[in-house]
Amino acid sequence: MNRRNFSVLAVIILLVIIASSLLLSNPFSSQENEIRERAQTLYPDVLKYGENLKFESIPKPLSELNGTHPRLYLTEERIREIRMLIENDTKYRDIWLREKSLVDKWIDKHPPTFSTLISSADKENEWQRDVGDKIPHYAICYLITRDEKYLEKAKEWILATLTYPVWGECDLSKSQLLYGVSVGYDWIYNNFTLEERERIRERLTLEARYWFLASLGLGDKYEIPQTGWHDNYLQNHMWIALCGLGTAGFALYGEVPDAEIWINQVNNMFKKILRSLGEDGAWHEGVGYWALAMEHFLKYIDLARQLLGEDLFDNPWLRNTAYYRLYNMLPRSMWGNEPRLQNSLDFADCRRCDNRGSDYILRKLASEYRNGYAQWLANEIEESNTGIPDAYWLNLLWYDPSVPAKPPVDLPGMRHFDNLDQVIMRSGWDGDEILFSIKCGPPLGHRGLMMFDYDPGMGHDHPDVNHFVLIAYGEWLIIDDGRADKHLTSRHNTILINGYGQLGEGEESFKRDDRIIVLSEKRTAAIIRAESNPVFDYVIGDAYTMYPDSVGLKKFLRHVIYLKPDIFIIVDELETKTPSTFQWLLHCEGELSKTDENTFTLKNGNVDLMIKIILPNEHESKIYNTMFYFEHERGTKTKKIKKEEVPTLEISPKQDVNRTVFLVVLHPAKAGETHPVIREISEDGNMGLLIRDEQKEKEVKIFFNFTRQKRNERIFRILGVEELEDTYNYVRELPPLMSSTES
C-alpha cells in the first residue's frame, strides 16, 4: 500500500472510531433525540408565557429538599415511619398487606408496548392510563421492602413509557403518565443510572411543557390533542391534568429551569377552582366523577403543602365534601362485593359506584378534618371490596390511625347540599333504611353558574331538574339513568311538556347549544325551601327556567313531603302560557302493575311500593318500558349491565290545560305489611288527605293550600300530630315568576 492510500485509510478508520464513540456516548434513540429537540424548542415559549410565574422567593420546604430524592410525599424519614406503623398498627399492617398482595398479582406483568395494533384499537391510547397508575404501586413496594423484584418492575414500566411515540391522544392518558412517571422518577431516583435519569427527565420535560402551554389555551397553536380542559375549572379532566403537571414540576425542580413556572401555574389554577366551588362539598358531575376529580385534587394539594408550605386544605368545600360522599352512599345492605358493583347513588353521569377509590380519598379527608364518619366509610368501602384500587397505595400515605372510625348513626337523616341543591332524606342509618333524594339546582351549581360566562365543564350534568329517586328496605324502587348513552329528560322522574324535556337534552353530554343559553341567561333552578323535624322533611324545588322558552312554562314547583317514617307526598304545581300536555314520569325497578284507576303497585324483591294518584282528578295513565343504555356498565349488587328495560309510569291530565296540579302518594312496605288507607277530605274549602295506618293504628290529616302568596311558603299543614321545632330550616328567594296574566 502506498503512503497516500495508507493516509486515506487511516482517516476513514479515525472517522469511524469517532462516530462510534459519539453513538456509544449518546444514550438516546432517534425517537428520544427528536423528543429532546422538541422539548428544547418549546423552552423559549414557556419562558415567554411564564415570565411572571417564577418564585419571588423559593419556598423554604422546596429549598430544603432541593437535590434530595425521594421528596414527593415520601422522604427517607417518612418511609421509616411507615415501616414502623406497619409493624405496630394492625389496621396499617392490613392496608400494607392488601397493597402488597395487589402488586404481587401483577409482578409477572410487562408494560404494554406501543404498536399500531393497540393504537388503532384504542385511538386515544387510554390504555396508557393504566401504565401511569401501575408505576407508584411497584415503586412504593420497593421503598418499603427493598425487594429488588419491585424495583425492577418499577424501572421496567417507567422506561417502557419512553418508547411510546406519544403520551396519550387522550388528555387523561398524558396526565396520568405525567403523574405516575414523575412519582416513580422521584421515588427510585437513586436507582437509575445517570443515562436513565437523563432520558426520563427529557421526556417528562417535553410532556410537561406541552401541558403548561395547553393550560394557557395554546393547545391548537402547538398541535396538542385534547386540550379543551384548559378553562374547564369545574370538570374532572382539568384537575387530573393539573395534578400531572404540578407533580412533574415538583419532581424536576432543581433539574429543569422552568419547573417552577409549571408549579406556580398549577397552584394558581387550583386556587381559582377552590373559589369556583360552593361551601356544601357537593360535586355536579356525580359521585363517580367526584372520586376521580378528588383523588387528583388531593394528590396535588398534599404536595403543595409539603413542598410549598401552602395549605389549600383550609377550605369549606373540602371540609364538607366527605359528607357528600357519605350521604350519597346506598344503604349498606345493598352494596356489592367487588369493584364497580353498586355502593352509591347515580345522579349525573354515575355508575352507582366510585370511578376511583374512594377509600383512600376518604382516609385523607378523615385525617385532615378529624372526621370519623369519613374514616368509617373508608373502612366500609375497603371491607366490602367495592373500592377501585387504582391508587390504593395512597392508603399507606393518608391513613391516620389517630382518627377513630365513627358510624353515622347520630347524623341527621336529611342533608341539603345548597350549592348543588340536592337534598337527601334517610329514615336512618341501619343499613336497610329508606332513602329519597331530589335534585333541583342549575348545572354546575349556583356558584359556578354565577361565576362563569362560558362553559367550565357541564358535560356530565343531566337535564334532570326536580328529578328524584327512592330506595327502601334494600331495593331500588324509583331509579336514575346514571351514565347513559344520551342525556334525556324523558329518562328521569320529572315532567315533560308537550313531549319536550329540559335544556341540555338530546346529546351524549349536556347539549352544547343549551350550555350557552344556561350560562348567558343565568338560567337557574333551586331548592327554595328545605326543612326537617322529627315529624316530616319538606322540600320545594323551583324548576321553571330550565325548560326551553318554546314550551311556554311559567311555573313548575315540586313539593316533597316526607311524613316519617315511610310516606312520601309529591305535589307538582304547573302552569304554561297556553294549554299543554303535562307528562308526569316515574321510572321503576321491578314489576309495575295497575291495581285500580288511581293506584299502581311496584314489586321489587321483598318490597312493594304503593303509588296512589290523588290529582289530577281527571287523568289518564299508561305503563310502558323505557330502555336505558349505559355508556359504561352499570353496577348492580351482583353484576354489571350495559342496558336495562325499565317499567315507566306516565300520568297526564285527560285534556290539555295551561294549569294543573299533580299529587301522588308513595308508600314502600316490606312483604306482608299493609299500605295505609288514603282518602281525600276537605275543610274550609281546602283539599286534604286522611292517611290512616290500620296496622299501626295511626291517623294523620294533611291539608293543602294552593293559593298561598309566596312560592317558598309551605303548601300544607298537618293535623293530629304535634309539630316539633325544625332541626333544619332553609328558605331562598329567587326572582318572581311571570304573572299569570302574561301571554
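The structure reproduced in this document is the subject of the present report. (Residues numbered from 1 in each chain as written. Predicted model: local features only at pLDDT ≥ 70, side-chain atom pairs only at ≥ 80, totals over all residues. Heavy atoms only, no water.)

1. Some thoughts on the overall build of the chain
Phase 1: Each helix and strand in the chain was counted, giving 19 helices and 22 strands.
Phase 2: For 743 residues, the compact-globule formula gives about 27 Å, and the C-alpha radius of gyration of the chain, at 30 Å, lands near that figure.
Phase 3: For the chain, the spread of C-alpha atoms along the principal axes amounts to about 125 × 60 × 50 Å.
Phase 4: The proportion of buried residues among the 743 residues of the chain is 61%.
Phase 5: Partitioning the contacts of the chain with sequence separation of at least 6, the portion at a separation of at least 24 is 72%.
Phase 6: Summed over all atoms, the accessible surface of the chain reaches about 28,700 Å², with 48% contributed by carbon and sulfur.
Phase 7: Taking the average place of the 89 positive charges on the side chains of the chain and the average place of its 114 negative ones, the gap between the two points comes to 2 Å. (Helix = DSSP H or I, 4+ residues; strand = E, 2+ residues; numbered from the N terminus. Rg over C-alpha atoms; globule rule 2.2 N^0.38 Å. Buried < 20%, exposed > 50% of the residue type's maximum accessible area, 1.4 Å probe, protein only. Contact = heavy atoms within 4.5 Å. Areas by Shrake-Rupley, 256 points an atom, 1.4 Å probe, with all protein chains shown as cover. Lys, Arg positive; Asp, Glu negative; His and termini not counted. Charge placed at Lys NZ, Arg CZ, Asp CG, Glu CD.)

2. Section: the nonpolar core
Phase 1: Core analysis: the largest hydrophobic core is formed by 216 residues, its most contacted members being W239 and W262.
Phase 2: For this core, the leading source of residues is helix α13 (residues 287–308), giving 15 residues.
Phase 3: Apart from the residues lying within four places of it in its own chain, the contact partners of W239 are Y233, F270, I273, L277, W283, A293, M294, H296, F297 and W317. (Core = buried A, V, L, I, M, F, W, Y, C linked by side-chain atoms within 4.5 Å.)

3. Things to note about the environment of E694
Phase 1: With respect to the helices and strands, the residue E694 is situated in the loop between β19 (686–693) and β20 (698–704).
Phase 2: For E694, a relative accessible area of 45% corresponds to the partly exposed category.
Phase 3: A polar contact of 3.4 Å, which involves the side chain of E694, links it to the side chain of R692. (Polar contact = N/O pair within 3.5 Å; in protein donor to acceptor, adjacent residues only side chain to side chain.)

4. Re the sheet that holds strand β11 (residues 582–587)
Phase 1: Taken in spatial order, the 4 strands of this open sheet run β6-β11-β16-β15, and their pairing is antiparallel. Only two strands of the sheet have a single neighbouring strand rather than two, namely β6 (495–497) and β15 (619–635). Neighbour-to-neighbour, the strand axes of the sheet open up by a mean angle of 30°, direction not taken into account.
Phase 2: Pairing geometry for β6 and β11, over 3 bridges, is antiparallel. Among the inter-strand pairings, L496 is bridged to a residue of β11, identified as Q583. (Pairing = 2+ DSSP bridges. Axes fitted to C-alpha atoms, helices over the stretch in contact; angles between N-to-C directions.)

5. What about the packing of aromatic side chains?
Phase 1: Overall, the coordinates contain 34 aromatic pairs when judged by the stated rule.
Phase 2: Ring geometry for W187 against W393: centres 5.4 Å apart, planes inclined by 85°, an arrangement best described as edge-to-face. Of this pair, W187 sits in helix α9 (residues 171–187) while W393 sits in the loop between α16 (372–384) and α17 (394–398), and the two are 206 residues apart along the sequence. Across the pair, exposure class does not vary: W187 and W393 are buried alike. (Phe/Tyr/Trp six-rings, centres within 6.5 Å; stacked < 30°, edge-to-face > 60°.)

6. Some words on helix α7 (residues 127–145)
Residue pairs spaced three or four apart in an α-helix point in one direction, given the helix's 3.6 residues per turn.
Phase 1: Between the first and last C-alpha of α7 there are 29 Å, a value that for 19 residues agrees with the 27 Å anticipated at 1.5 Å per step.
Phase 2: Note on α7: the residue one or two positions beyond its end, R146, has a positive phi of about 60°. (Expected span 1.5 Å × (residues − 1).)

7. Concerning the sheet that holds β20
Phase 1: Strand order in this open sheet of 4 strands is β18-β19-β20-β21, and the pairing throughout is antiparallel. The sheet is open, and its two borders are formed by β18 (677–683) and β21 (716–719), each paired with just one other strand. Going from strand to strand, the sheet's axes swing by 25° on average, the running direction of each strand aside.
Phase 2: Examined bridge by bridge, β18 and β19 share 7 bridges and lie antiparallel to one another. Within the sheet, the bridge partner assigned to R679 lies in β19 and is L690.

8. Section: helix α10 (residues 194–215)
Phase 1: Over its 22 residues, α10 extends 31 Å from the first C-alpha to the last, a length consistent with the 32 Å expected when each residue adds 1.5 Å.
Phase 2: For α10, a buried count of 19 out of 22 residues is recorded, marking the element as mostly surrounded by other parts of the structure.
Phase 3: Backbone geometry just downstream of α10 places G217 in the positive-phi region, at approximately 85°.

9. Some words on the pattern of salt bridges
Phase 1: Applying the stated rule across the entire model yields 61 salt bridges.
Phase 2: In this structure, D608 and K603 form a salt bridge, with 3.1 Å as the shortest nitrogen-oxygen distance.
Phase 3: The class for D608 is buried, based on a relative accessible area of 18%.
Phase 4: Judged by relative accessible area, which is 44%, K603 ranks as partly exposed.
Phase 5: What emerges from the salt-bridge pattern is a single network uniting D133, E295, K299, R356 and D390. (Salt bridge = Lys/Arg side-chain N within 4 Å of Asp/Glu carboxyl O.)

10. Regarding the side chain of E650
Phase 1: Secondary-structure assignment places E650 in strand β16 (residues 640–653).
Phase 2: Side-chain polar atoms of E650 contact the side chain of Q583, separated by 3.3 Å.
Phase 3: For E650, the side chain forms a polar contact with the side chain of Y624, separated by 2.8 Å.
Phase 4: What E650 contacts, discounting residues up to four positions off in sequence, is Q583, W584, L585, E620, S621, K622 and Y624.

11. Things to note about the pairing of strand β14 (residues 607–615)
Phase 1: The element β14 is extensively covered by neighbouring structure, given that 9 of its 9 residues are classed as buried.
Phase 2: Sheet analysis places strand β13 (residues 599–604) next to β14, joined by 6 bridges and oriented antiparallel. When the sheet's bridge partners are listed, K603 is paired in β14 with D608.
Phase 3: The hairpin formed by β13 and β14 contains 2 residues between the paired strands, and G605 there has a positive phi angle of roughly 60°.
Phase 4: Here β14 pairs with strand β17 (residues 657–670) via 8 bridges, running antiparallel. Among the inter-strand pairings, K612 is bridged to a residue of β17, identified as V665.

12. Details of the pairing of β19
If a strand is regular, its side chains alternate between the two faces of the sheet.
Phase 1: In terms of burial, β19 is largely enclosed, as 6 of its 8 residues are buried.
Phase 2: If you look at the hairpin formed by β18 and β19, you'll find 2 residues sitting between the two strands, and D684 has a positive phi there, around 55°.
Phase 3: Pairing of β19 with β20 involves 6 bridges; the strand directions are antiparallel. Bridging from a neighbouring strand, D693 pairs with K698 of β20.
Phase 4: The antiparallel pairing of β19 with β20 creates a hairpin that spans 4 residues between the two strands, and E697 there sits at a positive phi of about 50°.

13. Concerning the side chain of K299
Phase 1: By the element assignment, K299 lies in helix α13.
Phase 2: Non-local contacts of K299, meaning those with residues more than four positions away in its chain, are made with Y73, Y179, C243, R356, A391, W393, L394 and W398.

Without other data, these values stay purely geometric and don't point to any function.
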